[in-house]
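Observations on the three-dimensional arrangement
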Amino acid sequence: MESSIFEQYESNVRSYCRHFPAVFEYAKGATMTDEDGRTYIDFFCGAGALNYGHNNDYIKEKLLAYLQEDRILHAMDMYSPAKREFIRFMEEKVLQPKGMNYKIQFVAPTGTNSVEAALKLARKVKGRTNVFALMGAFHGMTLGSLALTSDVSDRAGAGVPLHDVTHIPAPYMFPELDTVEYMERLITDDHSGVAKPAAIIFEPIQSDGGIYPLPAEWIRRVRDLCDRHDILMICDDIQAGNNRSGQFFSFERAGVIPDMVTLSKSIGGYGMPCSILLLKPELDIWKPGEHNGTFRGNQLAFVCAKAGLEFMLENDVAGQVRAKESIVHDFLASEIAPLDSRLQIRGLGLMWGIDFNGMNGAVTARDVGHACFERGLIAECCGRNGNVLKLMPPLIIEEDLLRKGLSILKDAMTAVLAGA
Ligand SMILES: Cc1ncc(COP(=O)(O)O)c(C=O)c1O
């Protein structure tokens, strides 16, 4: 592997390349191939940006046709057919059938831009500065989003105080604590010392926090709390959205409609930079240009985003996820959990985590991640101490490849546990 150029000239901030030391050149479906010709099964999936697989043929055809015709690529937020077609498809084929009435704000290319826009708008609408976020949350690395993000090492990079956020224990953290009641207490007790928030923001499945699907009942109760106290509910579905949970939105299982939804990653269809904020129409009090950014108008991203949604509906990707979920669930329960009683396994749809924290360092998720990589499987770590192995294959992964990836995982775990 020739990586000296990166090591010499690319900033030390680079990270995933340290966990997966290869120079990747080709990718197709659920596999990535390095320049030495070695192929890996991808259970990382661009951190959730490649739900429809690498170089998806259906989307690629639309992308190539668009380029071939010299159609406009960069348009700021000017009108274009590509944007019109994406908006129409998203509204008429995805949102309206779910009874959802949202306007779409195009933010800038990446997920944290959507979170920043949601925060700014919530504070503007409610005229309050405080926001409630959950402990264990990850919402991005720019300063507003980072104030919501709870991991201490992520926060350490800020260089300034991160404030105007109250972190609430996530529902799984203290089983004896009713966290919704706790939030209500903070809001209503004039001795709580906590300012009433403009919004409560949460990931319906905490992702980088260690794969915790939040209970549907908890989500419903938060919706009710927000309604009773004039607080906005924001769901961050940047990683768990786009069918990863077996439904397009990961909050759908709770039957609620959030006031705002942040979407990015796989909304770009093809790994394209696309990030949007869905907002209830009555919240749209922005003045023209009050929140903007140069790369909100990436037309190729709109083309791929629309094609991704078409592909998703035509191929019943959500149904595919529900079918494959049982393969992963059953394998983890019957082949992985028995390997060590200290492991904890959590997940939903095609988003699963194996938590090694109970092993007190005897074996870590990173050890197993390395062993997987050596055997041709890419799986990243997340969660407390980076000690949860995250399994997140593209949703279109073929069943035999999914089973092969899982059996590599078992081999890797068996080997690491034997050496511990
Ligand atoms: C739930 C969630 N929100 C926000 C972000 C930030 O997205 P980005 O890295 O594209 O800025 C991420 C990224 O992993 C995420 O998982």
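Above this text you will find the structure in question.
Numbering of residues starts from 1 in every chain and runs along the sequence as written. For a predicted model such as this one, the threshold for reporting local features is a pLDDT of at least 70, and the threshold for listing and counting side-chain atom pairs is 80 or more; totals across whole chains, interfaces and linings nevertheless cover every residue. The side-chain numbers reported here are obtained from all heavy atoms of the structure, hydrogens and water having been left aside.

This part is about the sheet that holds strand E13 (residues 344-348). Whether two strands pair depends on DSSP finding at least two bridges between them. Only DSSP runs of H or I reaching four residues or more are called helices, and only runs of E reaching two or more are called strands; each is numbered from the N terminus. An order of E13-E14-E17-E16 is seen for the 4 strands of this open sheet, with the pairing classed as antiparallel. Each edge of the open sheet is held by one strand with a lone partner, namely E13 and strand E16 (380-382). The average angle at which neighbouring strand axes cross in this sheet is 30 degrees, direction not considered. Sheet analysis places E13 next to strand E14 (residues 351-355), joined by 5 bridges and oriented antiparallel. Bridge pairing in E14 places Leu348 opposite Met351. The contact criterion used throughout is that any non-hydrogen atoms of two residues lie within 4.5 Å. Only the contacting stretch of a helix is used when fitting its axis, a line to C-alpha atoms as for every element, and angles between N-to-C directions run 0 to 180 degrees. Most of the contacts of helix H12 (residues 317-336) go to E14, to which it runs at about 15 degrees, and overall it touches E13, E14 and strand E17 (388-391). Its contacts with the sheet put helix H13 (residues 365-374) on E16 and E17, and the angle it makes with E17 is roughly 40 degrees.

For the rest of this paragraph, the subject is the packing of aromatic side chains. Note on aromatic pairs: each is described by the distance of the centres and the angle between the planes. The criterion for an aromatic pair is that two Phe, Tyr or Trp rings (for Trp, the six-membered ring) have centres within 6.5 Å, with stacked assigned to planes under 30 degrees apart, edge-to-face to planes over 60 apart and tilted to the rest. Under the criterion given, the structure shown has 14 aromatic pairs. For the pair Phe24 and Tyr40, a centre-to-centre distance of 5.5 Å together with 70 degrees between the ring planes defines the contact as edge-to-face. Of this pair, Phe24 sits in strand E1 (residues 24-28) while Tyr40 is found in strand E3 (residues 39-42), placing the two residues 16 residues apart along the sequence. Here's how the labels work: a residue is buried when its accessible area is under 20% of the maximum for its type, exposed when over 50%, partly exposed in between, all with a 1.4 Å probe on protein chains only. Residue classification places Phe24 among the partly exposed residues on the basis of a relative accessible area of 30%. The exposure class of Tyr40 is buried, given its relative accessible area of 2%.

The next point concerns the environment of Asp42. Mapping Asp42 onto the fold places it in strand E3. Relative accessible area serves as the criterion here: at 1%, Asp42 is assigned to the buried category. With 11 residues separating them along the chain, Asp42 and Thr31 place their C-alpha atoms 5.3 Å apart. Residues contacting Asp42, with those up to four places away along its chain left out, are Ala30, Thr31, Met32, His54, Ile378, Met392, Pro393 and Pro394.

Moving on to the packing of H13 against helix H14 (residues 399-419). Contact geometry for H13 and H14: axes closest at 8 Å, N-to-C directions at 125 degrees. Classified by the angle between their axes, H13 and H14 sit oblique to one another. Considering only the axes of H13 and H14, their crossing is right-handed. For the pair H13 and H14, the contacting residues are Asp367, Val368, Ala371 and Cys372 in the first and Ile408, Leu409, Ala412, Met413 and Val416 in the second. A breakdown of the residues in the contact of H13 with H14 according to their chemical character gives 8 nonpolar, no polar and 1 charged. Each angle receives one of four descriptions, namely roughly parallel if under 35 degrees, roughly antiparallel if over 145, roughly perpendicular if within 65 to 115, and oblique otherwise. Left-handed describes a crossing whose near helix is turned anticlockwise from the far helix by less than a right angle; the clockwise case is right-handed. When residues are sorted by character, Ala, Val, Leu, Ile, Met, Phe, Trp, Tyr, Cys and Pro go into the nonpolar class, Asp, Glu, Lys and Arg into the charged class, and all the rest, Gly among them, into the polar class.

The next point concerns the site of the ligand. We call a residue near a given molecule or strand whenever any one of its heavy atoms falls within 4 Å of it. Neighbouring the ligand are the residues Thr110, Gly111, Thr112, Phe138, His139, Gly140, Glu203, Asp208, Asp236, Ile238, Gln239 and Lys265. Gln239 has a polar side-chain atom sitting 2.7 Å from an oxygen atom of the ligand. Here a polar contact means two N or O atoms within 3.5 Å. Within protein one must be a hydrogen donor candidate and the other an acceptor candidate, and residues neighboring in sequence count only if both atoms are side-chain atoms. Within the contact set of the ligand, an oxygen atom lies 2.9 Å away from a side-chain nitrogen or oxygen of Lys265. Here the residues of the shell around the ligand sort into 2 nonpolar, 6 polar and 4 charged.

Further remarks concern a negative patch on the surface. The patch calculation keeps residues exceeding 30% relative accessible area without a salt bridge and links them within 9 Å when they carry like charges or within 5 Å when they are nonpolar (Val, Leu, Ile, Met, Phe, Trp, Tyr). Method for areas: the Shrake-Rupley scheme with a 1.4 Å probe, in which residue coverage is limited to the protein chains shown. A carboxyl oxygen of Asp or Glu within 4 Å of a side-chain nitrogen of Lys or Arg is what we treat as a salt bridge. His is not counted, nor are the chain ends, whereas Lys and Arg count as positive and Asp and Glu as negative. Positions of charges follow a simple convention, taking NZ of Lys, CZ of Arg, CG of Asp or CD of Glu. A cluster of acidic residues, Glu2, Glu7, Glu25, Glu35 and Asp36, forms a negative patch on the protein surface. With respect to the helices, strands and loops of the structure, Glu35 is situated in the loop between strand E2 (31-34) and E3.

For the rest of this paragraph, the subject is unusual backbone geometry. If you check the backbone angles, Asn242 has positive phi at about 55 degrees while not being a glycine. Within the element layout of this structure, Asn242 appears in the loop between strand E10 (232-236) and strand E11 (260-263). Positive phi is not limited to glycine here, since Lys265 has a value of about 45 degrees. Position of Lys265 among the secondary structure elements: in the loop between E11 and strand E12 (276-279). Taking relative accessible area as the criterion, Lys265 reaches 23% and is therefore assigned partly exposed.

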